[in-house]
Number of protein chains: 2
Amino acid sequence: MYSYDSTTFRSELNQLGLRMTPQRETILEVFRELPKGKHLSAEDLYHHLQEVAPERKISLSTIYRSLKLMTHLGLLRELELAEGHKHYELNQPHPHHHHHLVCVRCNRTIEFKSDSVLKVSMKTSGREGFHLLDCQLTIHGVCVEALKRGWPSVPQEWSCPHAPVDE
Amino acid sequence: MYSYDSTTFRSELNQLGLRMTPQRETILEVFRELPKGKHLSAEDLYHHLQEVAPERKISLSTIYRSLKLMTHLGLLRELELAEGHKHYELNQPHPHHHHHLVCVRCNRTIEFKSDSVLKVSMKTSGREGFHLLDCQLTIHGVCVEALKRGWPSVPQEWSCPHAPVDE
DNA sequence: CGCTAATTGAGAACAATTAGCGATATTCGT
DNA sequence: ACGAATATCGCTAATTGTTCTCAATTAGCG
Ligand SMILES: [Mn+2]
Ligand SMILES: [Mn+2]
Ligand SMILES: [Zn+2]
Ligand SMILES: [Zn+2]
């Protein structure tokens, strides 16, 4: 389980002159309870709340604002996988930190860990004088099933951003 | 220099029932002549052509269509750095293949190479039965200059998507 | 409690990207 | 080299994801 609790969050906010709100608390909670390997977009989070806790519904504007805030504070990680919009997940430190392998045809995503990527990232950011916030190795590939259907393929067969994963 | 020439491009297109056009040839040429470390967005490419070769102007729609096509064929790489829209560059194989270190505060981008990342990517995609297309390690950090100005900072000081790099 | 400034929700506004369409140009077989 | 078939073009309008505006609300703090 991840240790970033609501109290820590609150004090980080206050230190910057920002405030803890029920909405921010709710969002942190949702991400902390999210099953391993699940990622949420702003829209996903919005609908998730309406379904599982309608009394805690949060407006889309606030969701976008909070996701951006929490990403800046390092609580969340912004993922740009192959679907045309951002997804978020908890930004977990080593040894929970991981990367993604994505099929560009069906968007299937597989998580994996790598110490050597972490090492490269620390070395590189250090050499350039950067304070390291996050590093993401994203591998783009074509899964076996998609390969069987031919690759490369004609435009009509490219997965559209919101196509259901159909395999 | 990169070896992917217009003839190879043409035959790959024809093999898929697609056609070579002056527009596609132009775009490939622009990317081949792009200085190392430069990345272009759709809009960048559009304006670049208007400036350096107005007689070869290409409509924005066609630019978007071509960038998508060429990315799917593996000619180009789509980069999601910290600026709110996609950028593209030639998808060069080893040993020109590289990764990016980005300052989340000012968007400064530094390229670097890493054999071990490549190795991890090949191993991982192989293990999962994926055909490897591209792998990108993106390191998010805060550069020295930005650190001096305080981090984390309050929302008003976050770089907005189109803010000029001001340092 | 009471002040002040941060935050919220609702909707309008925005920027990047895509879709539809009729006109044009490339391919390929003759 | 010619012509039919059809992919592609440029245009405009539509869509999508995200941000902004602003009045009402609320957290933090003495
Ligand atoms: Mn993940
Ligand atoms: Mn690059
Ligand atoms: Zn797949
Ligand atoms: Zn910077």
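Here the structure is a predicted model, which means the values were calculated and not measured.

Definitions and cut-offs
- Residues numbered from 1 in each chain as written.
- Chains lettered and ligands numbered in written order.
- Predicted model: local features only at pLDDT ≥ 70, side-chain atom pairs only at ≥ 80, totals over all residues.
- Heavy atoms only, no water.
- Buried < 20%, exposed > 50% of the residue type's maximum accessible area, 1.4 Å probe, protein only.
- Helix = DSSP H or I, 4+ residues; strand = E, 2+ residues; numbered from the N terminus.
- Arc of directions from axis to C-beta.
- Contact = heavy atoms within 4.5 Å.
- Least-squares fit on C-alpha atoms with pLDDT ≥ 70 in both.
- Near = heavy atom within 4 Å.
- Polar contact = N/O pair within 3.5 Å; in protein donor to acceptor, adjacent residues only side chain to side chain.
- Nonpolar A, V, L, I, M, F, W, Y, C, P; charged D, E, K, R; others polar.
- Donors = N, O, S within 2.8 Å, 3.2 Å for Na, K, Ca; no water.
- Pairing = 2+ DSSP bridges.
- Axes fitted to C-alpha atoms, helices over the stretch in contact; angles between N-to-C directions.
- Buried area = accessible area lost by both parts, 1.4 Å probe.
- Salt bridge = Lys/Arg side-chain N within 4 Å of Asp/Glu carboxyl O.
- Domains from an automatic or database assignment.

1. Section: helix 3 (residues 42-52) of chain B
All names here are of chain B.
Okay, step 1: Inspection of helix 3 places Ala42, Leu45, Tyr46 and Leu49 among the buried residues, and these make up the whole buried set. Buried residues of helix 3, viewed axially, fall in a sector of 100°; they line one side. Relative to its buried face, helix 3 has exposed residues pointing more than 90 degrees away, namely Glu51 and Val52.
Okay, step 2: Looking at the buried positions of helix 3, the neighbouring elements they touch are helix 2 (22-33) and helix 4 (60-72).

2. A short note on the environment of A:Arg65
Okay, step 1: If you trace the backbone, A:Arg65 turns up in helix 4 (residues 60-72).
Okay, step 2: Take A:Arg65: its relative accessible area is 57%, and that puts it in the exposed class.

3. Considering the relation of the copies chain B and chain A
Okay, step 1: When chain B is fitted to chain A, the residual RMSD is 0.2 Å, and the transformation amounts to a turn of 180° plus an axial shift of 0.0 Å. The relationship between the two copies is best expressed as a two-fold rotation axis. Across chain B, the rotation axis passes nearest the C-alpha of B:Leu137, at a separation of 2.0 Å.
Okay, step 2: A share of 100% of the interface residues of chain B reappears at the interface of chain A, consistent with the copies meeting face to face through the same patch.

4. A closer look at the protein's contact with DNA strand C
Okay, step 1: By nearness alone, 23 residues border DNA strand C, and A:Arg24, A:Ser61, A:Thr62, A:Arg65 and B:Tyr64 come closest of all.
Okay, step 2: For DNA strand C, the fraction of protein-proximal atoms (within 4 Å) that sit in sugar or phosphate groups is 64%.
Okay, step 3: One of the side-chain N or O atoms of A:Arg65 is found 2.7 Å from a base nitrogen in DNA strand C.
Okay, step 4: Between B:Arg10 and DNA strand C, the recorded distance is 2.9 Å, taken from a side-chain N or O atom to a phosphate oxygen.
Okay, step 5: Listed by contribution, the elements that provide at least two residues to the surface near DNA strand C are helix 2 (22-33) and helix 4 of chain A together with helix 4 of chain B.
Okay, step 6: Looking at side-chain class alone, the surface near DNA strand C contains 5 nonpolar, 9 polar and 9 charged residues.

5. So, the coordination of the zinc ion (ligand 3)
All names here are of chain A.
Okay, step 1: Surrounding the zinc ion (ligand 3) are the protein donor atoms Cys103 (SG), Cys106 (SG) and Cys143 (SG), at 2.2 to 2.3 Å.
Okay, step 2: Counting the intervening residues between successive donors of the zinc ion (ligand 3) yields the motif C-x2-C-x36-C. Of this pair, Cys106 sits in the loop between strand 3 (99-103) and strand 4 (109-112) while Cys143 sits in the loop between strand 5 (131-142) and helix 6 (144-148); the two residues are 37 residues apart in sequence, bridging distant segments of the chain. Each member of the pair, Cys106 as well as Cys143, carries the same accessibility label: buried.

6. Some words on the sheet that holds strand 4 of chain A
Okay, step 1: Read from one edge of the open sheet, 6 strands run 4(A)-3(A)-5(A)-5(B)-3(B)-4(B), paired in mixed fashion. Taken across any chain shown, the strands that pair with only one partner, and hence form the sheet edges, are strand 4 of chain A together with strand 4 (109-112) of chain B. Strand-to-strand, the axes of this sheet are offset by a mean angle of 20°, without reference to chain direction.
Okay, step 2: As judged from the 4 bridges shared by strand 3 (residues 99-103) of chain B and strand 5 (residues 131-142) of chain B, these two strands associate in the parallel manner. When the bridges of strand 5 of chain B are listed, B:Cys103 appears paired with B:Gly141.

7. A look at the interface of chain B and chain A
Okay, step 1: Across the boundary between the two partners, chain B contributes 45 residues, which contact 45 residues of chain A.
Okay, step 2: When the buried surface of chain B facing chain A is broken down by residue, B:His72, B:Phe130 and B:Trp158 rank first, second and third, together holding 18% of it.
Okay, step 3: Across the chain B-chain A interface, the total number found is 0 salt bridges.
Okay, step 4: Counting across the chain B and chain A interface gives 8 residue pairs in polar contact (both at pLDDT 80 or more).
Okay, step 5: Within the residue set of the side of chain B that touches chain A, elements represented by two or more residues are helix 4, strand 3, strand 4, helix 5 (115-127), strand 5 and helix 6 (144-148) of chain B.

8. Here's the deal with the pairing of strand 5 of chain B
Moving residue by residue along a regular strand, the side chains alternate between the two faces of the sheet.
Okay, step 1: Burial analysis of strand 5 of chain B places 9 of its 12 residues in the buried class, which makes it a mostly covered element.
Okay, step 2: As paired strands, strand 5 of chain A and strand 5 of chain B are joined by 11 bridges and run antiparallel to one another. The residue of strand 5 of chain B that forms the bridge with A:Gln136 is B:Thr138.

9. Structural notes on the domain arrangement of chain A
Residues and elements named next belong to chain A.
Okay, step 1: Split into domains, chain A comes out as domain 1 (1-92) and domain 2 (97-153).
Okay, step 2: Centre-to-centre separation of domain 1 and domain 2, based on C-alpha positions: 23 Å.
Okay, step 3: Counting the surface lost from both domain 1 and domain 2, the interface buries some 1,000 Å², and carbon and sulfur atoms represent 46% of this.
Okay, step 4: Ranking the residues of domain 1 by area buried against domain 2 places Arg77, Leu81 and Ala82 at the top, with a combined share of 46%.

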